[in-house]
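Observations on chain architecture
Next come the chains, spelled out residue by residue.
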Amino acid sequence: MWRKRYSIENDYIISPSSCSSSSSSSVSASGDSEEEDMGFLEVSVSDVKHPSPELGPMPDGLSPQQVVRRHILGSIVQSEGSYVDSLKRILQDYRHPLLEMDPKVLSARKCQVVFFRLKEILHCHSMFQIALFSRVAEWDSTEKIGDLFVASFSKSMVLDVYSDYVNNFTNAMSIIKKACLTKPAFLEFLKKRQMTSPDRVTLYGLMVKPIQRFPQFILLLQDMLKNTPKGHPDRLSLQLALTELETLAEKLNEQKRVADQVAEIQQLMRSVSDRSSLNKLLNSGQHQLLHCETLTETVYGDRGQLIKSKERKVFLLNDMLVCANINFKGQLEISSLVPLGPKYVVKWNTALPQVQVVEVGQENSTYDKDSVVIQNAGAKKHVPSSQSSHNKVYLGPPRLFQELQDLQKDLAVVEQITLLISTLHGTYQNLNMTVAQDWCLALQRMMRVKEEEIHSANKCRLRLLLPGKPDKSGRPISFMVVFITPNPLSKISWVNRLHLAKIGLREENQPGWLCPDEDKKSKAPFWCPILACRMPAFSSKALDLQLGAVVHSPVQSSLLGFSAISTSLPQGYLWVGGGQEGAGGQVEIFSLNRSVPRTVKSFPVASQVLCMEYIPEKSEGEPEQGTAEDSRTAAEQPSAPPPTICLGLQDGSILVYSSVDTGAQCLLVCRSPGPQPVLCLKHSPDYLFAGLQNGTVAAYARNSGGLWDLEAQPTCLEVGTGPVRTLLALEDTVWASCANHVTVLDATSLKAQQTFEAHPEEEASVTHMIKAGSGVWMAFSSGSSIRLFHTETLEHLQEINIATRTTFVLPGQKNVRVTSLLICQGLLWVGTDQGIIVLLPVPRLEGIPKITGKGMVSLNGHCGPVEFLAVAVSTLAPDVLKSDKEEEGGQEEKADGPSPELSAPDKHPAREMRKKGILLQYRLRSTAHLPGQLLSVKEAPPLQGGNALEHSEEDGSIYEMADDPDVWVRSRPCSRDTHRKEISSVAIISGGRGYRNFNLGSKLPACSETDSTLLLWQVPLML
């Protein structure tokens, strides 16, 4: 089983990720001196094969984890051997024969470009393979391999040779493609090599392996780490190795992304006339490609009928949208050997601010109908005649809206009929109030189905309103372009990126970040967070309120439309607390279910708010298998408490509020021992921990109702004499800071495990702690450094001076203090007392979160210290991602249920000729059980099988409408429960005094206002 589990496939890819932007460089084909220019020596690779290492017989007494680790090691050895063999095949089967061939089908100069850096990559891995063999030989005595990965792949030479290879890959493939098209002998050579190879892998398939190598290593090391217990001598080394490999893979992935972006723009430039304005814009170098995808453009007629559809390539640049026709040219046999890029013919391009997304049913609110004339793109050329459109299948949204209106009118008529039926004097089985009410229920259900169809039609339909030339009267003409996206996920991505790209064009985001590079130039990468808005933290301007804390309450709104989900901030509410020192406090609640937050509630509290903690609803876990008595007992137990928000106040109060809605109901109130000011709050599954001013941590247990037992005396834990400024809850421990020391508490027994020194200077108190992977970053009350500690060994691993980053914005300001920390999506956010925010890249996986690059500095900040940094995250509901095809698949499955039954025993052939209709029934399957005679022109047929037609009333949701009135189709729940990837919407919130723009060339005021202000950054949806 393990051999199969850890066999490495060839289809791993580097997943899109955000990391330090680095410029791509490709190898020019101008000469053979590239290797000397790059500072590398000529490498000679020996063909002598070393004996394959083999693990000895498995010793007795191994634990299950040790057995698994042996199998993973075997997979690493097997994978590395296969990779080295592939590199040798490229050189021996392709490079060497091409150089020796006479006459040459590929010049030596082009061979040098195509196979650039492959010898150096082979050399690196040959050395690693030899060291790996020695580790295998001594595995049973040492069981260490992490340090070998660190030593082998942390060298700068490895990054350099792989970077050169990745940057040159697109250029190499271009040369191969051109040679295939122009030199038949070269094409024949590639085909022959592929046919004679044992696995039939093409040259492209072999050359893409270096790009896939590090993700393969990462998967194997992740599995090895999962099976390495805490305290094992290899555990820290494996975590460091995972960090090195992830960092290397992210840098290479970013370089590959930049290279692909440049190639796409160059391919687009080739399709544009040299004299056109678009060509000049693309050549300016000021444009970044944010997104591109092949979409299907569709044209609908006046009645919603589909007229035509064609694939287009749509490019979203940072300030324009470009649509191009796709023209694939090239022989099929060539495309099987090397990917052939299409040729583009630009159809239209328009400035991004003029592009509007128009959702189905929202046309009236998007534009002014009196001043704008709307034309459907392409509709004029294909106006169908009445004859040609007679049997046309109508697929457009207008048809759906018309059918919904027809159902609404029919329901009004049926309701009138129901009133008339109530006046009948006779009693009839199939004509009475029960049947009439069932008709109404059926029509109401059909209306709900139609509304769902309209919503479904919106899921993959991207409708864009674009500007056209004014008509003769001067009125502006806009035309509608409709694209069908491959799936709902693609639609969400396009709407979200279009929305954020427009925000990115605002002056405060031009640029919004400085990214110091090695060449001392500054630029902002395309994926950086975008400042979406800034706003006052408190609605009351009469009081000078200081910010204290902020939390996000992720409450999903089912009322949001499809487009609103894509463009709004993370769903839920933002709670902001603060107040005046020695006076009262204030709480402001903002709704985030829109693109700009809105205050929905504001209320005072007795004292200044110092901290907040959001506590989600307690997860129930897996359902327990028990007896009926157990089930009854569980049903009698009180339900789990709702999500709550806890507030810690200056006067020692702890307030617990319900966060289900904006009612802000106060559930519990208590005073801390003393009472002492509550400086920080954190929760574990069993306790609520409060860090107090006098060096005490108070632990409140849950009561029988699931809430915190604030009336009972808490368990008090003394961690020092100074204030407990920050708490950090880990899996089974809680870290509490006091002065320059941190005490590790057992989260269950509440006993102190150990205390360690976090900073050598006593006056440098720990003020912030944030966890990522297997490390904790700490900030201090003095000094400009942040320090990294290992969560398991408590070892100090790294120290970073933030002042070296802030000097890019404020030169000469070296006295910097860190005032807030946050880790989100592989970025460490650092807020300073100067109002500057610094972003530093950190790994996302289970490794050590070491700083791996120079990072970025925000040009938008505050006039005073950044009081807090917080993240708001919400997940899109899975049903939003359900496509039309999946829904149709579910309906097909429903049709596979019990066989359809006939309402009459005979099936006459003439029935097939009559027009089909809709069975207007909801709960009633038959009226045979109703009193009265059957109202029919024919005599009722005798019943077969006793009570075959009798049927009890059931919920109508288990029935589906059938085309044939005589056929019932019983539906059943869809059995396909495929795992859907969660789509996260993320926003970052900072709070401080006023707003300041640090860009010297900006026209925005350098510092505006001194009131407490919130800044909100958005990042593209995590797809």
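Residues numbered from 1 in each chain as written. Predicted model: local features only at pLDDT ≥ 70, side-chain atom pairs only at ≥ 80, totals over all residues. Heavy atoms only, no water.

1. Some words on the sheet that holds strand 26 (residues 752-757)
Ordered by their spatial adjacency, four strands build an open sheet running 23-24-25-26, and the pairing between neighbours is antiparallel. Both edges of this open sheet fall to strand 23 (727-729) and strand 26, since each of them pairs with a single strand only. On average, adjacent strands in this sheet sit at an angle of 20° to one another, irrespective of strand direction. Summarising the sheet, strand 23 and strand 24 (residues 733-738) pair through three bridges and their orientation is antiparallel. Its bridge partner being in strand 24, Ala-729 is matched across the sheet by Val-734. (Pairing = 2+ DSSP bridges. Helix = DSSP H or I, 4+ residues; strand = E, 2+ residues; numbered from the N terminus. Axes fitted to C-alpha atoms, helices over the stretch in contact; angles between N-to-C directions.)

2. A look at the packing of aromatic side chains
Considering all chains together, one arrives at 22 aromatic pairs under this definition. Look at Phe-153 and Phe-217: their rings are 5.4 Å apart centre to centre, the planes differ by 50°, and that puts the pair in the tilted class. Of the two residues, Phe-153 is situated in helix 7 (residues 146-153) and Phe-217 in helix 11 (residues 209-226); the sequence distance between them amounts to 64 residues. A relative accessible area of 4% places Phe-153 in the buried class. (Phe/Tyr/Trp six-rings, centres within 6.5 Å; stacked < 30°, edge-to-face > 60°. Buried < 20%, exposed > 50% of the residue type's maximum accessible area, 1.4 Å probe, protein only.)

3. As for the sheet that holds strand 11 (residues 546-553)
Spatially, 11-12-13-14 is the arrangement adopted by the four strands of the open sheet, whose pairing is antiparallel. Looking at which strands have only one partner, the edges of the open sheet turn out to be strand 11 and strand 14 (598-605). Averaged over all neighbouring strand pairs, the angle between strand axes comes to 20°, with direction disregarded. When strand 12 (residues 573-579) meets strand 13 (residues 585-591), the two strands line up antiparallel, connected through seven bridges. Residue pairing across strands places Trp-575 opposite Ile-589, the latter belonging to strand 13.

4. Notes on the confidence of the model for the chain
Summarising the model, the chain shows a mean pLDDT of 77, and 73% of its residues fall at 70 or more. With pLDDT under 50 throughout, residues 1-43 is counted as low confidence; its partners more than four residues away or in other chains account for 100 contacts. Ignoring residues within four places in sequence, the model shows residues 518-522, a span with pLDDT below 50, making six contacts including any to other chains. (pLDDT = per-residue confidence, 0-100. Contact = heavy atoms within 4.5 Å.)

5. Overview of the side chain of Arg-213
Its location among the elements puts Arg-213 in helix 11. Of note is the side chain of Arg-213, whose polar atom sits 2.7 Å from the side chain of Ser-79. Every residue in contact with Arg-213, bar those within four places of it in the chain, is listed here: Ser-79, Glu-80, Tyr-83, His-125 and Tyr-162. (Polar contact = N/O pair within 3.5 Å; in protein donor to acceptor, adjacent residues only side chain to side chain.)

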